[in-house]
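What the coordinates show
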Amino acid sequence: MYRVCKGVKVCYRYDKSDESDEAVVFLHGWGTDMSAFAGAVRAMKNSGKNVLALDFPGFGKSDKPPSDWGVYDYAACTDELITSLGIKRAVLVGHSFGGRICLILSARSYAEKLVLVSAAGLKPRFNLIKWFKIRWYKLKKRLGIAYPKGGSGDYRALDKSMRSVFVRVVNTHLDKTLDSVSQPTLIVWGKSDKETPLYMAKRFRRKIRDSALILLGGGHFAYAYRSEKFHAVLRAFVLGP
């Protein structure tokens, strides 16, 4: 199904098990699409929950966003989709980039619980080696020296218009939102995550008052590789005692 949100055609799937206004909303990471959460979606549907999943603009079957978009535009687009479908009580489940959207939407009245899965959005620790590499890349770019491997894999995989969006997204830090997150929050992380290192999970745990941290074996996509454990803790958190 498609719906235009914030001027962009968005592909989504809304599976309803009942006529309630509750739903579990799955928000995928950068560079993937709604299929990344396919197993978890099935687990929630089999538990009798209404489930919404979408392709963020620029990914999957959704149209590309304008080149001046940033993370708050993605959040506004997602918010428009959720409210247009009549969802008034939601558990927001976000992986990586999707976790950024969860943090912003935590201010919305329908957000009853959050699940942050290897979530992005926090300012990284200072790393001298990484700083030097960035400065060296920028210097070569300014001098017009070809440097095809510059930037992250996510950056290099994008076309020119989406690269500007990506840069804007990764340079928006949401640390200041954590003190205002009041919802019960489940933090799920891969012990060996290199993309969003474990210290970020611990920072989320310290700053979000009503939160719990569950560690899985594996890296940034541990929720997929350790799917049985992830589905079990997700089910327990969503359904409650």
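Below you will find a few notes about this structure. What you are looking at is a predicted structure, and each value in this text was computed from that prediction instead of being measured. (Residues numbered from 1 in each chain as written. Predicted model: local features only at pLDDT ≥ 70, side-chain atom pairs only at ≥ 80, totals over all residues. Heavy atoms only, no water.)

Overview of the nonpolar core
Nonpolar side chains in soluble globular proteins tend to end up buried together. Counting residues in each nonpolar core, the largest one holds 51 residues, and the members touching the most others are W30, Y74, L92, I101 and F204. Formed by 24 residues, the second largest nonpolar core is a distinct cluster that contains F37, V51, Y223 and V238. (Core = buried A, V, L, I, M, F, W, Y, C linked by side-chain atoms within 4.5 Å. Buried < 20%, exposed > 50% of the residue type's maximum accessible area, 1.4 Å probe, protein only.)

Quick look at the packing of helix α1 (residues 38-46) against helix α9 (residues 227-239)
At a minimum axis distance of 10 Å, the contact between α1 and α9 shows a crossing angle of 45°. Taken together, α1 and α9 sit at an angle that is classed as oblique. For the crossing formed where α1 meets α9, the hand is right-handed. Contacts from G39, A40, A43 and M44 in α1 reach F230, H231, L234, R235 and V238 in α9. Residues of the contact of α1 with α9, tallied by class, amount to six nonpolar, two polar and one charged. (Axes fitted to C-alpha atoms, helices over the stretch in contact; angles between N-to-C directions. Helix = DSSP H or I, 4+ residues; strand = E, 2+ residues; numbered from the N terminus. Parallel < 35°, antiparallel > 145°, perpendicular 65-115°, else oblique. Left-handed = near helix turned anticlockwise from the far one by under 90°. Contact = heavy atoms within 4.5 Å. Nonpolar A, V, L, I, M, F, W, Y, C, P; charged D, E, K, R; others polar.)

Considerations on the side chain of D79
Looking at the secondary structure, you find D79 in helix α2 (residues 71-84). A distance of 3.0 Å separates a polar atom in the side chain of D79 from a polar atom in the side chain of R108. Of note is the side chain of D79, whose polar atom sits 2.7 Å from the side chain of Y110. In this view, D79 contacts L105, R108 and Y110; residues no more than four positions away in its chain are not counted. (Polar contact = N/O pair within 3.5 Å; in protein donor to acceptor, adjacent residues only side chain to side chain.)

Observations regarding the layout of surface pockets
In this approach, a probe sized like a water molecule rolls over the atoms, and the result shows the empty space that is left. Approximately 190 Å³ is the volume attributed to the second largest pocket. Lining the second largest pocket are R13, D15, M34, S35, A38, V41, R42, K45, V51, L52 and A53. At the level of secondary structure, the elements contributing two or more residues to the lining of the second largest pocket comprise β2 (8-15), α1 and β4 (51-54). The greatest single-element share of the lining of the second largest pocket, amounting to four residues, is contributed by α1. Among the residues forming the lining of the second largest pocket, the class breakdown is six nonpolar, one polar and four charged. (1 Å grid on protein atoms, 1.4 Å probe; cavity = no way out; pocket = protein on both sides within 12 Å on 5 of 7 lines; lining within 4 Å. Points joined across faces, edges and corners; volume = space filled by probe spheres on them.)

Section: the state of the cysteines
Going through the model one piece at a time under the given rule, you end up with zero disulfides. A disulfide-free cysteine, C77 has its sulfur positioned 4.8 Å from the sulfur of C5, the nearest such atom. (Disulfide = S-S within 2.5 Å.)

Observations regarding the sheet that holds strand β7 (residues 185-190)
Across the sheet, which stays open at both edges, the eight strands sit in the order β1-β2-β4-β3-β5-β6-β7-β8 with mixed pairing between neighbours. Two strands close off the open sheet at either side, each with one partner strand: β1 (2-5) and β8 (211-216). On average, adjacent strands in this sheet sit at an angle of 25° to one another, irrespective of strand direction. Across six bridges, strand β3 (residues 22-27) lies against strand β5 (residues 89-95) in parallel orientation. Bridge assignment links V24 to a residue of β5, and that residue is V91. Its contacts with the sheet place α2 against β1, β2, β3, β4 and β5, and it is angled at close to 125° to β1. Each of β6 (111-117), β7 and β8 is contacted by helix α7 (residues 198-207), which is oriented at about 170° to β7, the strand it contacts most. (Pairing = 2+ DSSP bridges.)

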